[in-house]
Each structure stands twice: as C-alpha cells, then as structure tokens.
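A structural walkthrough
For reference, the chains in residue letters:
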Amino acid sequence: MIATIFITLAGLMGAGGVVLLAASAHALSGAGLDSAGQILLFHAAALLAGVALMGQGVLMRPLAVAALAAFVIGAALFAGDITLRVFAGQRLFPLAAPTGGTILILAWIAIAAAGLFGTPRAG
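Residues numbered from 1 in each chain as written. Predicted model: local features only at pLDDT ≥ 70, side-chain atom pairs only at ≥ 80, totals over all residues. Heavy atoms only, no water.

Let's talk about the overall build of the chain
Keep this limit in mind: Starting at the N terminus, helices and strands are each numbered in turn, a helix being any DSSP run of H or I of at least four residues and a strand any DSSP run of E of at least two. For the exposure calls, accessible area comes from a 1.4 Å probe over protein chains only, and a residue counts as buried if that area is under 20% of its type's maximum, exposed if over 50%, partly exposed in between. Two residues qualify as a contact provided that any one of their heavy atoms is within 4.5 Å of a heavy atom in the partner residue. Each accessible area value is a Shrake-Rupley result obtained with a 1.4 Å probe; residue values ignore everything except the protein chains displayed when judging cover.
Secondary structure assignment for the chain yields four helices and zero strands. Ordered by position from the N terminus, the helices and strands of the chain form the series α-α-α-α. C-alpha extents for the chain along the principal axes are approximately 50 × 25 × 25 Å. Counting the 123 residues in the chain, one finds 37% classified as buried. For the chain, restricting intrachain contacts to residue pairs at least 6 apart in sequence, the fraction spanning at least 24 positions comes to 66%. For the chain, the exposed surface amounts to about 6,600 Å²; the carbon and sulfur share of it is 73%.

Given below as structure tokens:
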C-alpha cells in the first residue's frame, strides 16, 4: 500500500514539475518556478527509484519509507513556497523553502544509510 501511495505522489510531483517548468519557460521566466519545477521532477524520479529499490530489499525498509516521505515533504515545502510566492505574493511560512531544502538533504543522507543497512544482493 505504501508503494502505491509513493508512486501516486511521484506522478503528481512529476506533473506539477512539468507545469511549473512550462510556466517558467512561457510566462514567468526568472520568477524561480524553474527551481521549483526541477525539485519536483528530480524528486519524483528519486521517489520512483526508491520505491523500486525498497521493493527489491536493497534499501532498509523503515529508513527508506522515512526518506521517501521526506522527499515528498521537502519537495512540497520548497516548491510550494516558491510557487505561492510567485502566484499569490506570499509564502507558506517563514523559511519554508530552506526548510524543505534541508529536509531534502537529510532525506538523501537517509537514503544513503538505508542502502548501507539494506539487504545486499548478489550480482
């Protein structure tokens, strides 16, 4: 069930990333939406890869689930804050984008740890 949730969220993140990149390229160049779109797209792909690796037992499951959830939360905070600032002229909350970025950094460290403690595969 958790894999289905993460796959669905990855699809939504990917779609949102494409929308933000298109808006940046066609209407709002230089507003920062390109960064928000890239964060969403990169982490959508990472989310899918994480689900696949977790399913293969390569990543330690509890740590991987936490890291994948952090990918979603961190990317949403980062992209959401930038997007809200561009379209509504306000922020989610003070330091939301840097908080999201920090969560993403910690999530990548957690993925590294999940790989270290996962079940090694032959070949």
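Looking at the packing of helix α3 (residues 61-88) against helix α4 (residues 96-116)
Threshold: Here an axis means a line fitted to C-alpha atoms, over the contact stretch when the element is a helix, while the angle between two N-to-C directions is reported on a 0 to 180 degree scale. Each angle is binned into one of four classes, with values under 35 degrees roughly parallel, values over 145 roughly antiparallel, values of 65 to 115 roughly perpendicular, and all other values oblique. Note on convention: the crossing is left-handed when the near helix lies turned anticlockwise from the far helix by less than a right angle, right-handed when the turn is clockwise.
Where α3 meets α4, the axes come as close as 7 Å, and the angle between the chain directions of the two elements is 160°. Of the possible angle classes, the one that applies to α3 and α4 is roughly antiparallel. Seen along the crossing, α3 lies across α4 with a hand that is left-handed.

Thoughts on the nonpolar core
Put simply, the test is: The criterion is simple. A nonpolar core is a set of buried Ala, Val, Leu, Ile, Met, Phe, Trp, Tyr and Cys residues joined through side-chain atoms within 4.5 Å.
Core analysis: the largest hydrophobic core is formed by 31 residues, its most contacted members being Met 13, Leu 47, Leu 68 and Phe 71. Within the residue set of this core, elements represented by two or more residues are α1 (2-26), α2 (33-55), α3 and α4. Of the residues forming this core, the biggest block, 10 residues, is contributed by α3. Here Leu 68 is in contact with Phe 6, Ala 46, Leu 47, Gly 50, Val 51, Met 54 and Ile 111, once residues within four sequence places are set aside.

Re the packing of α2 against α3
Axis angle and axis distance: for two packed helices, these are the angle between their axes and the distance between the axes, and together they describe the pair. Running from N to C, α2 and α3 point in directions that differ by 165°, and their axes come no closer than 9 Å. Relative to α3, the element α2 lies roughly antiparallel. Seen along the crossing, α2 lies across α3 with a hand that is left-handed.

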